[in-house]
Amino acid sequence: MKVVIMAGGRGTRITSVASDIPKPMIKIGDKPVLEHELECLRSQGFTDIIITVSHLGQIIMDYFGDGSKVSPATGKPFGVHIEYYFEKEPLGNAGALFKIKEKLTEDFLLLNADALFDVDFNRFVDYHRQHGALVTLFAHANDHPYDSGLLVVDKDNYVQQWLTKEDARPQYYRNIVNGGLHVISPKVLDVEINTPKVDLDRQILKPLAGTEKMLCYNSPEYAKDMGTPERYYAACADYKSGKIQGKNLRNKQKAIFLDRDGTINKYVGYLRTPEQFELLDGVGEAIRKINLSGYLAIVVTNQPVIARGEVTADGLQQIHNKMETMLGKEGAYLDGVYYCPHHPDKGFAGEVEELKIVCECRKPKAGLLLQSAKDFNIDLSQSWMIGDSENDVLAGRNAGCKTALIGETDYGQNLQVTSLLDFVKEIL
């Protein structure tokens with residue numbers, strides 16, 4: 001599969017870090033950002049590269065050559081084959097795609113050269129191929145969704161709306177942000193665009209929202225724009241700590257599994273509406289610390305209100321949208337939300353009969369934790385389950401996790417705490 005890397009931006013927001021070299025040549029550790037990208041791709045078998053360049057592009061071309069040169073940083077060959085397209089006039093962040101269209105005869109990876117990432121691209125591409133969409137977007141939650149462009153997806157992860165920063169957004173929303181990595185069919189370029197500059201998001205991708213042709217691939221892996229000095233220095237710190245490499249899903253992850261009611265939000269019995277949802281004190285800070293620690297933050301919750309017929313799946317999503325919105329305002333995010341809609345007891349008015357079953361996902365069974373472990377390659381023995389009930393402790397134990405209880409009863413948990421924040425301060 002060909003990989004197109006867009007490296008033509010001028011980097012006006014990061015000139016205080018380096019003004020005499022293109023953004024992709026700014027160093028993270030001892031190597032340029034673009035070299036980190038090429039290493040990540042080469043290690044997974046992606047070696048056929050096209051790089052689009054413009055401003056100070058000759059510096060990139062001289063450094064990498066055709067990909068057979070020896071890296072000045074490592075003393076080893078880059079190990080890829082590189083072609084270039086040089087923009088004599090600025091074409092926007094997608095105009096060059098139309099200039100190299102004849103080289104793009106099958107689906108290709110499209111990446112930004114000013115982002116730092118370490119992603120399991122084979123896993124990403126396999127997801128794209130399994131579903132047969134024209135475009136698959138790499139997406140994730142971030143710590144500032146309130147000022148980011150958002151993706152609104154349906155239950156099958158098809159993108160229904162693309163909300164850019166200037167678009168109005170609903171009061172409550174899922175924290176799903178485009179990560180700037182794409183798998184794209186060349187059919188997407190079969191459109192007529194007459195502007196001298198082409199905006200990838202607004203002119204090519206956003207029009208596909210709602211057509212069932214664009215998918216969202218959610219991943220907790222590291223992929224961050226480093227276009228400002230603040231983000232650049234944060235990326236340097238993440239690289240030095242090993243966080244970037246560690247988040248690649250080829251590596252085993254560790255997670256903190258969170259019960260919802262009584263752990264994240266105030267317990268009100270059967271919670272049925274967003275208006276009833278209220279975060280507990282300190283939860284935003286606690287989950288923000290989990291995010292920074294390298295653990296995944298994953299909610300696993302029994303929601304029998306669906307089987308009872310009191311809340312629909314869409315209604316539950318609105319409640320969870322409020323949860324993600326409120327956490328986002330505190331700089332925190334969840335890597336996943338898993339719920340069980342079932343209940344074993346039948347014979348009640350208004351119930352959804354097909355959901356009144358004995359299942360494998362209802363806590364104290366471990367189904368929710370096992371599914372998330374499969375999705376995110378989690379080492380359960382290095383993970384924690386925290387909640388406020390015996391079912392939470394038992395579910396964690398059944399999954400092979402360490403367990404913590406918010407409360408005073410002894411259910412055989414490894415740790416007893418007074419709150420989620422207390423737990424985080426104890427183990428982190």
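Quantities reported herein were computed from a predicted structural model and do not represent experimental measurements.

Draft legend 1. A look at the overall build of the chain. Helix and strand counts for the chain come out as 12 helices and 19 strands. In terms of C-alpha radius of gyration, the chain reaches 23 Å, essentially the compact-globule figure of 22 Å for 428 residues. Taking the principal axes of the C-alpha coordinates as reference, the chain spans close to 70 × 45 × 35 Å. Taking all 428 residues of the chain together, the buried fraction comes to 53%. Counted over contacts in the chain with a minimum sequence separation of 6, partners at least 24 positions apart contribute 71%. A gap of 2 Å separates the mean positions of the 49 positive and 58 negative side-chain charges of the chain.

Draft legend 2. Summary view of helix α2 (residues 57-64). Taken residue by residue, α2 has G57, I60, Y63 and F64 as its buried positions. End-on view of α2: buried residues confined to an arc of 130°, all on one side of the axis. Elements in contact with the buried residues of α2: β1 (3-7), β3 (31-32), α1 (33-42), β4 (48-53) and β5 (81-86). G65 sits one or two positions beyond α2 and adopts a positive phi of about 55°.

Draft legend 3. Expanded view of the side chain of S219. Along the polypeptide, S219 turns up in the loop between β12 (214-218) and β13 (222-225). A distance of 2.8 Å separates polar atoms of two side chains, one belonging to S219 and the other to E221. For S219, the residues in contact, after removing those within four places along its chain, are F138, A139, H140 and L249.

Draft legend 4. Representation of the pattern of salt bridges in the model. Under the defined criterion, the tally for this structure stands at 20 salt bridges. One salt bridge in this structure joins E310 and R272, with 3.0 Å as the shortest N-O distance. One end of the pair, E310, is in the loop between β15 (296-302) and α9 (313-329); the other, R272, is in the loop between β14 (255-258) and α8 (283-293), and 38 residues separate them in sequence. Of the residues examined, E310 reaches a relative accessible area of 32% and is grouped as partly exposed. Measuring nitrogen to oxygen at the nearest pair gives 3.9 Å for the salt bridge that ties E285 to K289.

What counts, and at which threshold
Residues numbered from 1 in each chain as written. Predicted model: local features only at pLDDT ≥ 70, side-chain atom pairs only at ≥ 80, totals over all residues. Heavy atoms only, no water. Helix = DSSP H or I, 4+ residues; strand = E, 2+ residues; numbered from the N terminus. Rg over C-alpha atoms; globule rule 2.2 N^0.38 Å. Buried < 20%, exposed > 50% of the residue type's maximum accessible area, 1.4 Å probe, protein only. Contact = heavy atoms within 4.5 Å. Lys, Arg positive; Asp, Glu negative; His and termini not counted. Charge placed at Lys NZ, Arg CZ, Asp CG, Glu CD. Arc of directions from axis to C-beta. Polar contact = N/O pair within 3.5 Å; in protein donor to acceptor, adjacent residues only side chain to side chain. Salt bridge = Lys/Arg side-chain N within 4 Å of Asp/Glu carboxyl O.

On their own, these measurements won't tell you what the molecule is for.
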